[in-house]
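Listed below are the residues making up each chain.
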Amino acid sequence: MELLSGSDADILRAAAALKEGALVVFPTETVYGLGADAFNPDALAKVFAVKERPLFDPLIIHIAGLDALDRIVEFSLLGQEGRKRLTLLAASLWPGPLTLVLPKKKEVPGLATGGLATAALRFPDHDLAQKLIRASTNAVAAPSANLFGRLSPTRVEHVLDQLGDRVDYIIDGGRLRVGLESTVLDLTSPCPRILRPGGTSREDIEKTIGPVEGPESQAKRPAPAGASREGGEGGFPLAHQGLLSPGQLTSHYAPRTTLLLYSPAEMENLAYNGRAAYLFFDALSRDRWLSARYASGGAPANVRALCETGDTRRAAANLFALLHELDSGGYECIHAETAPPLGLGPAINDRLSRAAAET
Ligand code: TXA
Ligand code: MG
């Protein structure tokens, strides 16, 4: 493995390697991605092997310009409404932390899409990612650059820890702006549906295309035609047929330390234990709790807040870095407070509840 900077020469080297089938970890505005050419099945197979990820879990294809869509999206299966929504979302929220699920062309390898008839597409809002994607194939499949089921990396050290010796190149992009994965929105159903809450808020999507369904509707509905598996690809477990967003397994994004999740009222009632870690939503609730329980001044290292001022964007940006840090602190457990259900709050709560779920 070679660690690269964001210099033009380094990006061109990494892009050339991607075209040859290498695996390149690159920064995006959300989390680091483990990139491979989306049209190279051998490279895609390596992604699954390196991450120890099940083959039915589809990848997001990263593009750096709308010209890439023609090669990937089967527009004839999208319908007029779907095309209109795609145009509006691309104009106002791309580049950005929004992934759109669209009907795929048959040329897109089944390995990139977990055998689904749809492909997930994202145009990341990060200079280095865009340069890399442009200079390679303009279709880079990339899951988050972590081992399957573990916390996503928001710093290059997180990547080195988990995948350091398993990939060809890692591009260091420093800290990432959003810090939480993209929102995944399915545009193939009559009413668009959020499959995974993430870095783009539901409010911002609804401002652009009107009402969408939330992830809570997912479990209750039968799979639409667009979510069916393609015929003839085989190898995908029956249990996952029709699962709309197969990556959304309950236990995911898990730290190794046990995480317990509480409402603000429950958190306020917890007793202090020096061997446990406490993760509050904001400094206000942290300080209120501390002043009643922990005598000496200042917050100790095991009592943290996701943000100072209650801003869910800031909180989302700090979430994975704080979980990584607390996870390596050797604590008995991590007590975490839920975020308010506004802005990126639902995405934070989604990741916290998955981190809290039993494997
Ligand atoms: O921010 C992000 O989205 C990051 C960066 C690297 O772009 N990527 C990321 O990828 O989080 P990954 O593989 O960790 O998560 C992709 C999610 C999974 O939940 C997967 O099931 C879902 O997207 N997905 C991908 N293709 C899909 C499809 N065709 N239909 C439904 N869900 C899909
Ligand atoms: Mg992931």
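Residues numbered from 1 in each chain as written. Chains lettered and ligands numbered in written order. Predicted model: local features only at pLDDT ≥ 70, side-chain atom pairs only at ≥ 80, totals over all residues. Heavy atoms only, no water.

## Some words on the confidence of the model for the chain
Of all residues in the chain, 89% attain a pLDDT of 70 or more, and the chain-wide mean is 91. Throughout residues 220-227 the model reports pLDDT below 50, and contacts reaching past four residues in sequence, or to other chains, amount to nine contacts. This stretch, residues 231-243, has a pLDDT under 50; its non-local contacts, to residues over four places away or in other chains, come to 13 contacts. (pLDDT = per-residue confidence, 0-100. Contact = heavy atoms within 4.5 Å.)

## Regarding the side chain of Asn138
Residue placement: Asn138 occurs in the loop between helix 5 (127-135) and strand 7 (140-141). On the accessibility criterion, Asn138 (10% relative accessible area) is buried. One polar contact links the side chain of Asn138 to the main-chain amide nitrogen of Ala64, over a distance of 2.9 Å. (Helix = DSSP H or I, 4+ residues; strand = E, 2+ residues; numbered from the N terminus. Buried < 20%, exposed > 50% of the residue type's maximum accessible area, 1.4 Å probe, protein only. Polar contact = N/O pair within 3.5 Å; in protein donor to acceptor, adjacent residues only side chain to side chain.)

## Focus on the nonpolar core
Ranked by internal contacts, the top residues of the largest apolar core, which has 67 residues, are Ile72, Trp94 and Leu185. Excluding residues within four positions of it along the chain, Leu185 makes contact with Leu89, Leu98, Thr99, Leu100, Val101, Pro192, Arg193, Ile194, Ile205, Ile209 and Val212. Core analysis: the next-biggest nonpolar cluster, separate from the first, contains 25 residues, Leu259, Cys307, Ala315 and Ala316 among them. (Core = buried A, V, L, I, M, F, W, Y, C linked by side-chain atoms within 4.5 Å.)

## Re the packing of aromatic side chains
Scanning the entire structure with this criterion turns up five aromatic pairs. Between Tyr272 and Tyr278, the aromatic rings sit 5.9 Å apart at their centres with planes inclined by 25°, giving stacked as the arrangement. Given a relative accessible area of 28%, Tyr272 falls into the partly exposed group. Ring geometry for Tyr272 and Trp289: centres 6.1 Å apart, planes at 55°, overall tilted. Here the residue Tyr272 occupies a position in the loop between helix 8 (264-268) and strand 12 (277-282), and Trp289 occupies one in helix 9 (residues 283-293), the gap between them amounting to 17 residues. Its relative accessible area of 1% is what places Trp289 among the buried residues. (Phe/Tyr/Trp six-rings, centres within 6.5 Å; stacked < 30°, edge-to-face > 60°.)

## Quick word on the packing of helix 1 (residues 8-19) against helix 5
Any two packed helices are characterised by the angle at which their axes cross and by the distance between the axes. Where helix 1 contacts helix 5, the axes come no closer than 8 Å and their chain directions differ by 45°. In this view, helix 1 runs oblique relative to helix 5, as classed from their interaxial angle. Classified by chirality, the crossing of helix 5 by helix 1 is right-handed. Together, Asp8, Ile11, Leu12, Ala14, Ala15, Leu18 and Lys19 of helix 1 and Leu128, Lys131, Leu132 and Ala135 of helix 5 make up the contact between the two elements. When grouped by side-chain class, the residues that make up the contact of helix 1 with helix 5 number eight nonpolar, no polar and three charged. (Axes fitted to C-alpha atoms, helices over the stretch in contact; angles between N-to-C directions. Parallel < 35°, antiparallel > 145°, perpendicular 65-115°, else oblique. Left-handed = near helix turned anticlockwise from the far one by under 90°. Nonpolar A, V, L, I, M, F, W, Y, C, P; charged D, E, K, R; others polar.)

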